[in-house]
Amino acid sequence: MTSVYKVFGVLVGAALGISACSDPAQSSDSNVERSSINDTDLSDDTIAPADNTTTLADEQAPSVDNSSAEDKLIDDLIQYRWILVDALSDESQPLTSLLDIKNQVTASFIQRQGKNSLIYSVGCNTMSAGYQLQGNEMTIDNSMSTKMSCADLDLVENRLNDLMQGVNQLELTNDKDNGSILTQITDNGVTLQWRGKMTAKAKYGSRGETIFWAIDAQTTPCTDNSAQVCLQVKPVVYDDQGIKVSEGERVEFAGTIDGYEHSSEFDQVLRLHRYALNASNDSMQNASDTNYAYVLDTIVEQTEVN
């Protein structure tokens, strides 16, 4: 029995092809399309004076931060994926429908083509809306959503979507014990509290590369260390329409994939983001696995094994 997970958006571009060797991090540049999970350009657009001269006034002039308070808050918000930790009504009563599934209620702030968007979910459909920020007041536009049936989650999904509309008050705090906490007071007086988990792009300071791996349900002892268990993985390549066009040879993988919990009951195809940990390594070829961090984006497909 095969179950295919629908994902928000379309699979675009050819994915990574990994050469047939014991190291799944090795690849050919002809099979790689580098992509980002965030549209923010990390390049340095600073342009030096044409004559490369610096005056004394330039050296002594204090640096000026022209960013507004709103820009600084947005910069902080987009660094994290926000996970619900508390939800209280306008009468300070727990909203159990949300709290019962709080670990799967998430929100993310993104910037795309100069526009600010809020993406949120209860673990089924992905909802998105534009927003404007003035001081700590966030005005959220009407939302758009994918259209999957969510069964028992339908009512709580509609509840969250209703809460996210209109004018909201935000307060962002940081401390060493609780990390980054975002408090949101909605238009109708409901208080939502979110804990931030740093995004992979913010954590690794670079753009991610999208790859696809097929992972067997069965694991095996690693060849180099029989006391260690290795995943059996092979690369998968898709065309522009998201149709699988090829698979590579199966190889061992002894590393970890952030956000992924292996199941011995399913063969799975994962969409991953891979981050180079060595900033000086411009080539993706012949790099040891320790040069990369792997982060799960989504499970594209899974097949139950007999």
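Residues numbered from 1 in each chain as written. Predicted model: local features only at pLDDT ≥ 70, side-chain atom pairs only at ≥ 80, totals over all residues. Heavy atoms only, no water.

**Q** How should I be thinking about the overall build of the protein chain in this particular structure?
**A** Within the protein chain, the secondary structure is distributed over five helices and 18 strands. In the protein chain, once contacts between residues fewer than 6 apart in sequence are set aside, the share between residues at least 24 apart is 60%. Roughly 17500 Å² of accessible area belongs to the protein chain as shown, and the carbon and sulfur atoms make up 46% of that amount. (Helix = DSSP H or I, 4+ residues; strand = E, 2+ residues; numbered from the N terminus. Contact = heavy atoms within 4.5 Å. Areas by Shrake-Rupley, 256 points an atom, 1.4 Å probe, with all protein chains shown as cover.)

**Q** Before we go on, may I ask you to explain helix α2 (residues 69-77) in this structure?
**A** Think of an α-helix as 3.6 residues a turn; residues three or four steps apart then line up on the same face. Within α2, burial applies to Leu73, Ile74 and Leu77. For α2, the angular spread of the buried residues around the axis is 100 degrees, confining them to a single face. Looking at the packing, one finds that the buried side of α2 touches β2 (80-88), β3 (106-112), β4 (115-121), β5 (127-134), β8 (166-175) and β9 (179-185). (Buried < 20%, exposed > 50% of the residue type's maximum accessible area, 1.4 Å probe, protein only. Arc of directions from axis to C-beta.)

**Q** Is there a simple way to explain the confidence of the model for the protein chain in this structure?
**A** Regions with low pLDDT should not have their predicted coordinates read in detail. Per-chain confidence: the protein chain averages 77 in pLDDT, with 74% of residues scoring 70 or above. Here residues 1-23 scores under 50 on pLDDT; set against residues more than four positions off or in separate chains, the count is 69 contacts. This model gives residues 25-64 a pLDDT under 50, and the stretch forms 57 contacts once residues within four places in sequence are excluded. (pLDDT = per-residue confidence, 0-100.)

**Q** What should I look at first to understand the state of the cysteines in this one?
**A** A disulfide bridge is the covalent bond that connects two cysteines by way of their sulfur atoms. In the structure shown here, the tally under the stated rule is two disulfides. Across the disulfide from Cys124 sits Cys150; the S-S distance is 2.1 Å. With the S-S bond torsion at -90 degrees, the cross-link from Cys124 to Cys150 turns out left-handed. Remark: Cys150 occurs in the loop between β7 (144-145) and α4 (154-163) and Cys124 occurs in the loop between β4 and β5; sequence separation between them is 26 residues. (Disulfide = S-S within 2.5 Å.)

**Q** Any chance you could explain the nonpolar core here in plain terms?
**A** Buried together is how nonpolar side chains tend to be arranged in soluble globular proteins. If you look at the biggest cluster of nonpolar residues, it comprises 35 residues, and the most contacted ones within it are Leu98, Phe109 and Trp194. Apart from residues lying up to four places away in sequence, Leu98 is in contact with Leu84, Ala87, Val105, Val156, Leu160, Leu163 and Leu192. Judged by nonpolar contacts, the second largest core, of 14 residues, contains Val233, Phe253, Tyr260 and Leu270. (Core = buried A, V, L, I, M, F, W, Y, C linked by side-chain atoms within 4.5 Å.)

**Q** What should I look at first to understand the environment of Val85 in this one?
**A** Mapped onto the elements of the fold, Val85 is located in strand β2. Apart from residues no more than four positions distant in its own chain, Val85 is found in contact with Leu99, Lys102, Gln193, Trp194 and Arg195.

**Q** Any chance you could explain the side chain of Gln302 here in plain terms?
**A** Relative to the helices and strands, Gln302 resides in strand β18 (residues 292-304). Here Gln268 takes part through its side chain, which lies 3.0 Å from a polar atom of the side chain of Gln302. (Polar contact = N/O pair within 3.5 Å; in protein donor to acceptor, adjacent residues only side chain to side chain.)

**Q** When you look at the pattern of salt bridges in this model, what are you seeing that I'm missing?
**A** One side chain can pair with another of opposite charge once the charged atoms of both are near each other. Under the counting rule described, the total for this entry stands at five salt bridges. For Asp297, the salt bridge is made with Arg271, and the minimal N-O distance between the two is 2.6 Å. Residue Asp297 is located in strand β18, and its partner Arg271 is located in strand β17 (residues 266-276); the two are separated by 26 residues in the primary sequence. By relative accessible area, which is 12% here, Arg271 ends up buried. One salt-bridge network, held together by shared partners, links Lys234, Lys244 and Glu247. (Salt bridge = Lys/Arg side-chain N within 4 Å of Asp/Glu carboxyl O.)

**Q** Even after reading the chapter, I still don't get the pairing of β17, so can you show me in this structure?
**A** In summary, the side chains of a regular strand alternate between the two faces of the sheet. With nine of 11 residues buried, β17 is to be regarded as a mostly interior element. Relative to β17, strand β11 (residues 209-215) runs antiparallel, the two being bridged by seven bridges. Residue pairing for β17: Thr210 is matched across the bridge by His273. Bridging between β17 and β18 involves 11 bridges; their strand directions are antiparallel. The partner of Leu270 across the bridge, within β18, is Ile299. (Pairing = 2+ DSSP bridges.)

**Q** Could you clarify how one ought to interpret the environment of Gly135 in this entry?
**A** Structurally, Gly135 can be placed in the loop between β5 and β6 (137-140). Linking Gly135 and Ala69, residues 66 residues apart in sequence, is a C-alpha distance of 6.7 Å. Once you skip the residues sitting within four places of it in the chain, Gly135 turns out to touch Glu70 and Leu73.

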